[in-house]
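Observations on the three-dimensional arrangement
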Amino acid sequence: MQFMLLFSRQGKLRLQKWYVPLSDKEKKKITRELVQTVLARKPKMCSFLEWRDLKIVYKRYASLYFCCAIEDQDNELITLEIIHRYVELLDKYFGSVCELDIIFNFEKAYFILDEFLLGGEAQETSKKNVLKAIEQADLLQEVRHLIKITVDKVF
Amino acid sequence: MPAVSKGDGMRGLAVFISDIRNCKSKEAEIKRINKELANIRSKFKGDKALDGYSKKKYVCKLLFIFLLGHDIDFGHMEAVNLLSSNKYTEKQIGYLFISVLVNSNSELIRLINNAIKNDLSSRNPTFMCLALHCIANVGSREMAEAFASEIPRILVAGDTMDSVKQSAALCLLRLYKTSPDLVLMGEWTSRVVHLLNDQHMGVVTAAISLITCLSQKNPDEFKTCVSLAVSRLSRIVSSASTDLQDYTYYFVPAPWLSCKLLRLLQCYPPPEDGAVKGRLVECLETILNKAQEPPKSKKVQHSNAKNAILFEAISLIIHYDSEPNLLVRACNQLGQFLQHRETNLRYLALESMCTLASSEFSHEAVKTHIETVINALKTERDVSVRQRAADLLYAMCDRSNAKQIVAEMLSYLETADYSIREEMVLKVAILAEKYAVDYSWYVDTILNLIRIAGDYVSEEVWYRVIQIVINRDDVQGYAAKTVFEALQAPACHENMVKVGGYILGEFGNLIAGDPRSSPLVQFNLLHSKFHLCSVPTRALLLSAYIKFINLFPETKATIQEVLRCDSQIRNSDVELQQRAVEYLKLSSIASTDVLATVLEEMPPFPERESSILAKLKKKKGPGAVSVTELEDSKREGGELNGGGDRGPDTSAMSASNASTPSPSADLLGIRSSAPAGTAPASAGNLLVDVFSEAGPAAPSAAVNDDGFLSSAPPSEDPAPPLSEADELLNKFVCKNNGVLFENQLLQIGIKSEYRQNLGRMYLFYGNKTSVQFASFTTSVSCPGELQSHILSVQLCFSIFRNYQSLKSDFWSTVCKTILNRSKFQNLHPSVIVI
């Protein structure tokens, strides 16, 4: 995968993950053009399109568009399922995820994505394992937090 | 505002984000952001050292602001500091910041690499993963240099945890992609292949991606992976849906893993080992069988996952291209998908079939679906699907269905999306040419193309039709007639005018017998479009006009009238002016024989590869070119030299150069000042002779504006020619260097160079006698207003053998040469003469 973009129906970018090195200017240009192209598509159209020399796979979940750019030889259907798996992960983590969750916890969205996809490839496809890894990290924080509170209370 | 209950959510951050969302306008947002930036800046610079939590919070805010689209130019140092914190979340935010805002400051890079190194050697798997993620996200060359040798070791070490192995594999993949030279093969490569047998499916998933990429560049190193992959794949495919537990996705066992395995196998040819091959074929058959079974779940995820594997398997079958049975089955399966309810599947089926069409085993099978594909082209509402249908038609085209397919593509073109028209035009042109049995069909098709999508008909396409018409006698009359009719349309595309102008110019005589297309009618038709056309087209039309004068002497007066008018011979465009002037002169001066020779019919073009194919390949990349073109190495027709309209003219020029009687072509009136070739008596005498012969610079060398650059003999000059001198002079029409003048005494060579509006000339005087010249001087004189344009004159003396400088007033004529030439360049000439 070359990059993944999440954007709202008004074209506001909620998450951008780039798996290829590009300058900031190029990223902005690509984002602008691609968002426009995808938003112009009608609901019944298929989830794939050719754009520049890439294949774009996109799907809309409620108010968010999930859009991935893959190379010529990559499998489109499995990419659709990558998107779905990512949404499932977010959903499990946030409990009925909505766009606001991703806005206010954007850093968590990136962390979850990193556990699932690395360098543009799926690294762990078991939902359980990915969530376990994230929860472990969260646990680390909470433990410390609890300790801090306890310590403060004591002293 | 949703409560963030996981970990210690940063309240300050949440408040900030809320504020931004509540901003009513862009200006308010920017104001709020600037306020925050100022705040953060002061906190970072402040005396009090910030605690980890605050630092994390501010770094996170900066990140948010950056992701909104604003530039951030500070905070990197603080982010790097966070890396060395012991708290996981602080580290995490620090890593996230530096992976998103990549900085190329070398000091920072050093610090970052240090932090990463510490985390990698920390033996804490969560920290190691963080570090590996960062490297994979950034993948810079500096990181590759620092870690490219470390990571393979981590990957294959026995005590590495599974989660770390996964990340290490993909991290290495990223480094390899960006800096392949720094990732060296070593003993780790064989251990990596064995990861395919790992118990942990996640490790296998990650490892496969790595191996797939590596094996493309080093196939031999990794070829043992093939049998391992096959056995893994067959285990998965034959497993029940409960076997793989959490790796089963909506009742499909390990779909990602299966797809990756199938992808890996596409990097290699079919396995040679019979047993392995047998197992693989069995696998593929199972996958194809499963597609026919009723689905285990109604959910789209189930069918997507199942079909993803199916399509990848079909790709593998196509790649092998050696099992006819499988190929036909694959084709049938795709045929079923062509009519599926779901648009996605129809799209993918069309795409897959394109590749299938190029295989000799399945080409016929693909052709059976032509009606479905044509229907898709006409009725699909999604433009991407229609485009795929068009691509497939192109791929499946052969002699039997060419006419039908071209007709369909033409009608599709009328309503096609603008972005794809150029490609469609090229494809139709290629198909029309390749499968033309009857060339009048070909001509019709191309003219239709121009009519429908004229703007997108590139030069290569219409050059080609002209080449073919020129090369084939049988279609010339038809072409002339068709083009004549096409031009009568009230709104005619400019490309049509170009083609029409050229063809009528060459073959108008074939239809001139009919009163409806008599010469004058043809001329008026062309000329009616003249003023609507761009400069290159008009240039082409002018050439057509001179050809008409040759073909139809009765039109001479009319056409000359046109050429003579100010808008032609004083046209601001150099090319048009030159042509008008030259053609006018040519038509007035040349005898009919000369004219006929000059404007003889174009000879057939030499055979060379079609440029249209090359253009299509360039446009779409090599993948889009089907095998129909690969067969196509010997085709008739050649590539036009330079330009369609240039062609006839340059040949006309050279023909006229050859046939023009040379000496009378006195361009500059040199004759009048040229010394008669009297034998030199003595040096002293000679000098006198030279001077007296020279006389005042002969102005009957009044350079005829229209005669000067023309190759036609223009002048009414009385002086007898010195044949060698004139011949020598003629060549300066095209050359900048050479011998300008020569007689028994003296040789003058000239070397000149011109750039934009400046010119420089060197004159070399050579003494051909064996005695020295004495008191040789040169001077420059220049007529009239052009004097001001000479920037400087420097005379320098170059001694060549025993030659000395010699006075000459060829200077004056030389001056004229420079200045007049530049006048035609429509420039203000500033001449430096040295």
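Every value quoted in this text rests on a predicted model; they were computed, and no experiment measured them.

Some details on the overall build of chain A
Broken down by element type, chain A carries five helices and seven strands. The secondary structure elements of chain A, listed N-terminal to C-terminal, are β-β-α-β-β-β-α-α-α-β-β-α. In terms of overall dimensions, chain A has a C-alpha envelope of 60 × 30 × 30 Å along the principal axes. Scored against the burial criterion, the 155 residues of chain A give a buried share of 59%.

Concerning the sheet that holds strand β4 (residues 54–61) of chain A
Spatially, β2-β1-β5-β4-β3 (chain A) is the arrangement adopted by the five strands of the open sheet, whose pairing is antiparallel. Looking along the sheet, the strands with just one partner apiece sit at the ends: β2 (13–18) and β3 (48–51) of chain A. Across the sheet, the mean angle from the axis of one strand to that of its neighbour is 20 degrees, orientation sign disregarded. For β4(A) and strand β5 (residues 64–70) of chain A, the ladder comprises seven bridges, and the chain directions are antiparallel. Bridge assignment links Lys55(A) to a residue of β5(A), and that residue is Ile70(A). Where helix α4 (residues 106–116) of chain A meets the sheet, it contacts β1 (3–8) and β2 of chain A, and its direction lies at approximately 35 degrees from that of β2(A). Against the sheet, helix α18 (residues 343–356) of chain B engages β3 and β4 of chain A, with an angle of about 50 degrees to β3(A).

Some thoughts on the interface of chain A and chain B
Taken together, the contact between chain A and chain B spans 61 residues of the former and 72 residues of the latter. Together, the buried faces of chain A and chain B total about 5,800 Å²; carbon and sulfur atoms form 56% of this surface. One can count six salt bridges joining chain A with chain B. With its nearest N and O atoms 4.0 Å apart, the salt bridge here joins Lys28(A) to Asp71(B). Scanning the region where chain A abuts chain B turns up 27 residue pairs in polar contact (both at pLDDT 80 or more).

Looking at the UniProt feature "domain: AP complex mu/sigma subunit" (unreviewed entry) in chain A
According to UniProt, the "domain: AP complex mu/sigma subunit" (unreviewed entry) feature falls on residues 1–140 of chain A. Helix makes up 47% of residues 1–140 of chain A and strand makes up 25%, while its end C-alpha atoms are separated by 31 Å.

Digging into the pairing of strand β5 (residues 758–767) of chain B
Residue and element names in this part refer to chain B. The sheet contact formed by strand β4 (residues 746–755) and β5 spans 10 bridges and is antiparallel. Its bridge partner being in β5, Leu 746 is matched across the sheet by Asn 767. Connecting β4 to the antiparallel partner β5 that follows it, the hairpin turn spans two residues, and Gln 756 within it adopts a positive phi of roughly 50 degrees.

Conventions used here
- Residues numbered from 1 in each chain as written.
- Chains lettered and ligands numbered in written order.
- Predicted model: local features only at pLDDT ≥ 70, side-chain atom pairs only at ≥ 80, totals over all residues.
- Heavy atoms only, no water.
- Helix = DSSP H or I, 4+ residues; strand = E, 2+ residues; numbered from the N terminus.
- Buried < 20%, exposed > 50% of the residue type's maximum accessible area, 1.4 Å probe, protein only.
- Pairing = 2+ DSSP bridges.
- Axes fitted to C-alpha atoms, helices over the stretch in contact; angles between N-to-C directions.
- Contact = heavy atoms within 4.5 Å.
- Buried area = accessible area lost by both parts, 1.4 Å probe.
- Salt bridge = Lys/Arg side-chain N within 4 Å of Asp/Glu carboxyl O.
- Polar contact = N/O pair within 3.5 Å; in protein donor to acceptor, adjacent residues only side chain to side chain.
- UniProt positions renumbered as here; feature names shortened; annotations may be inferred.

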